[in-house]
Amino acid sequence: LAPDFKIFMIGFGVEGRQWIVPFDYPGSPFTDQRTQMKIISALKKATSNGQKLVAQNGKYDNKCILATYGWRIPQTFDTMLASYILDENAPRGLKPMSKMYFNAPDYDIPQPINTNNYSLRDVAQYCAMDVYYTRRLYFLQREQLLKDKALLRVFKELLMPASNALVDVELNGVYLDPDKYQKVLAQVDGLVKEQEKILLSYKNINWNSTQQVAKYLFGELKLEILE
């Protein structure tokens with residue numbers, strides 16, 4: 001994170017109620033680090049009994065909160081990832097999804113938020129709308145995922161664990177043995193070249209070109225286009 005990174009506010013909600021807590025924003029009564037840590041401790045305690053914790057692009061929020069306050073949020077559902085696995089061509093931004101599914105008003109604030117241009121109330125309302133529509137999206141997407149057990153399994157057992165693991169990767173990097181890396185790289189490079197020779201024996205084209213490959217498969221070979 002950038003040296004001057006700040007968390008303006010934290011928003012969370014349950015059925016029928018939302019809380020928006022301003023942190024490092026002008027006019028906030030909670031700018032003191034010790035006070036913020038008390039709030040984080042209270043949130044940690046309140047979410048320690050197994051609730052489902054939903055976020056939009058939660059990996060980013062989790063990374064920011066972990067780096068700033070040392071708390072890893074046990075996120076269980078990400079509406080951005082759910083949108084991707086349900087339909088990779090659909091919008092994944094919270095504002096477009098809210099507009100498309102719930103006819104939400106245009107409540108966006110131009111980014112980046114400039115603390116000199118927006119009142120505390122404006123930014124808090126913006127955050128509250130994000131929380132509200134993220135929660136609504138969760139129920140809609142959960143219903144869609146429950147109709148496809150295989151897709152739900154990929155989401156729960158692959159996408160969400162990978163997203164949570166990437167928090168550590170993006171903050172700390174990964175351990176790498178450079179000698180083994182070079183050895184494996186040479187092995188893979190050899191395998192790739194062997195496969196390239198086999199492909200070239202069928203057709204002397206650039207097999208990295210999707211246009212040339214499509215022309216060969218569906219033009220010359222006349223294979224059926226499935227999608």
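Quick note: structure is the one above.
Residues numbered from 1 in each chain as written. Predicted model: local features only at pLDDT ≥ 70, side-chain atom pairs only at ≥ 80, totals over all residues. Heavy atoms only, no water.

Looking at this model, I keep getting lost on the side chain of Gln36. Mind explaining?
By secondary structure assignment, the location of Gln36 is in helix α1 (residues 33-46). Each residue touching Gln36, except ones within four places of it in the same chain, is listed here: Phe23, Asp24, Phe30, Thr31 and Tyr69. (Helix = DSSP H or I, 4+ residues; strand = E, 2+ residues; numbered from the N terminus. Contact = heavy atoms within 4.5 Å.)

Just to check I follow, could you spell out the environment of Val123 for this structure?
Looking at the element boundaries, Val123 is found in helix α5 (residues 120-146). Taking C-alpha positions, Val123 is 30 Å from Asn89, a pair spaced 34 residues apart along the chain.

Got a minute to help me understand the environment of Arg135 in this structure?
Along the chain, the position of Arg135 falls in helix α5. Distance in space between the C-alpha atoms of Arg135 and Thr79 is 8.7 Å, their sequence separation being 56 residues. Apart from residues lying up to four places away in sequence, Arg135 is in contact with Gly13, Val14 and Glu15.

Help me understand helix α6 (residues 149-172) in this model?
Helical periodicity: at 3.6 residues per turn, an α-helix aligns residues three or four positions apart in one direction. Along its 24 residues, α6 runs 34 Å from first to last C-alpha, staying within 8% of the 34 Å computed at 1.5 Å per residue. The largest bend in α6 is about 30 degrees, located at Phe155. Next to the buried residues of α6 lie α2 (58-69), β4 (77-78), α3 (79-86) and α5. The first or second residue beyond α6 is Gly173, which carries a positive phi of 80 degrees. (Expected span 1.5 Å × (residues − 1). Bend = angle between axes of the 7 residues up to and from the residue.)

Help me understand the packing of α2 against α6, please; the structure alone is not making it clear to me.
Between two packed helices, what matters for the description is the angle formed by their axes and the separation of those axes. Running from N to C, α2 and α6 point in directions that differ by 50 degrees, and their axes come no closer than 9 Å. As summarised for this structure, α2 and α6 are arranged oblique, according to the angle between their axes. With respect to the hand of their crossing, α2 and α6 are arranged in right-handed fashion. Taking contact as the criterion, the partners of Lys59, Asn62, Lys63, Leu66 and Ala67 in α2 are, on α6, Ser163, Asn164, Leu166, Val167, Asp168, Glu170 and Leu171. (Axes fitted to C-alpha atoms, helices over the stretch in contact; angles between N-to-C directions. Parallel < 35°, antiparallel > 145°, perpendicular 65-115°, else oblique. Left-handed = near helix turned anticlockwise from the far one by under 90°.)

Nothing here speaks to function; it is geometry throughout.
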